[in-house]
Amino acid sequence: MPQPSPPAAVRAGDPPVIPRLIARWDLDKTYLRTDFDTLRDLVRTAIERPDQKRTVPGAAPLLRELGRAGVEIHILSGSPEQLRSRLEQKLRLDGARWASLTLKPNLENILRLRFRALRGQLGYKLPALLRRRCELARQRDLDGELIHEVLLGTTPRPTPSCTRSSPTSAREGGRGDAGEVMRLGLAYEDTILDAQRFAGYVEKGRWWSGS
């Protein structure tokens, strides 16, 4: 997974910057009006220039205002790593600032014959979300309170069992529950082990769902 570059103002030896709030954004259908329903849609998305990509109404101003308010922005997208340059250009055109942009390693999945991972999201995004939380310099602010996160994305459509279980597993970090949910989502075993390992390092707090 590519590592985020530190802000230009951060120098070696400086104390870590503690964000007031973290916002983790999806891109497709949340920030960008992306269609994946047909092969033609996929091809068009892959060859679009940054200035041709359409932003969901209101998403760009919200992202900019969050940045101005001191919210730390992390983007986690199912778009392939090969689109990084174009997606970064699009975000810059919109005046967005972000701390990290994580994209799906689809070429690696193909080379490893992991074809379920090309469309599957649970086995990719849950370990990535937990890993990014572990990579924070601190999980608590100077007052000892857990740093809050808000997740912005479209509603997934996993199996009913995944829908019922996954918020509880993510919140409580239960190793058995997380593994069970990810297996229901057809995740590969190594990604299940990654999620369980990262969950063990995440300090637990309250879960709230806006859905």
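In what follows, the accompanying structure is described.

Helix and strand counts for the protein stand at 9 helices and 4 strands. Starting at the N terminus and ending at the C terminus, the protein contains elements arranged as β-α-α-β-α-β-α-α-α-β-α-α-α. Counting across all 211 residues of the protein, residues that qualify as buried make up 36%. Element-wise, carbon and sulfur atoms account for 55% of the exposed surface of the protein, whose accessible area totals about 13100 Å².

So, about the sheet that holds strand 1 (residues 22–25). The sheet built from 4 strands is open, its strands ordered 3-2-1-4 with parallel pairing. Where the open sheet ends on each side, the last strands, each with one partner, are strand 3 (100–104) and strand 4 (149–152). If you compare each strand with its neighbour and ignore which way they point, the axes differ by 15° on average. Taken together, the 4 bridges between strand 1 and strand 4 define a ladder with parallel strand orientation. Within strand 4, the residue paired with Ile22 across the bridge is Glu149. In this fold helix 2 (residues 59–68) packs onto strand 1, strand 2 (72–80) and strand 4, with an angle of close to 150° to the strand it touches most, strand 1.

What follows covers a nonpolar patch on the surface. Among the surface-exposed residues, Ile110, Leu113 and Phe115 lie close enough to one another that they form a single nonpolar patch of about 320 Å² accessible area. Topologically, Ile110 is positioned in helix 4 (residues 106–111). With relative accessibility at 41%, the residue Ile110 sits in the partly exposed group.

Reading guide: rules and limits
- Residues numbered from 1 in each chain as written.
- Predicted model: local features only at pLDDT ≥ 70, side-chain atom pairs only at ≥ 80, totals over all residues.
- Heavy atoms only, no water.
- Helix = DSSP H or I, 4+ residues; strand = E, 2+ residues; numbered from the N terminus.
- Buried < 20%, exposed > 50% of the residue type's maximum accessible area, 1.4 Å probe, protein only.
- Areas by Shrake-Rupley, 256 points an atom, 1.4 Å probe, with all protein chains shown as cover.
- Pairing = 2+ DSSP bridges.
- Axes fitted to C-alpha atoms, helices over the stretch in contact; angles between N-to-C directions.
- Contact = heavy atoms within 4.5 Å.
- Patch = residues over 30% accessible without salt bridge, like charges linked within 9 Å, V, L, I, M, F, W, Y side chains within 5 Å.
- Salt bridge = Lys/Arg side-chain N within 4 Å of Asp/Glu carboxyl O.

Distances and angles like these do not, on their own, reveal function.
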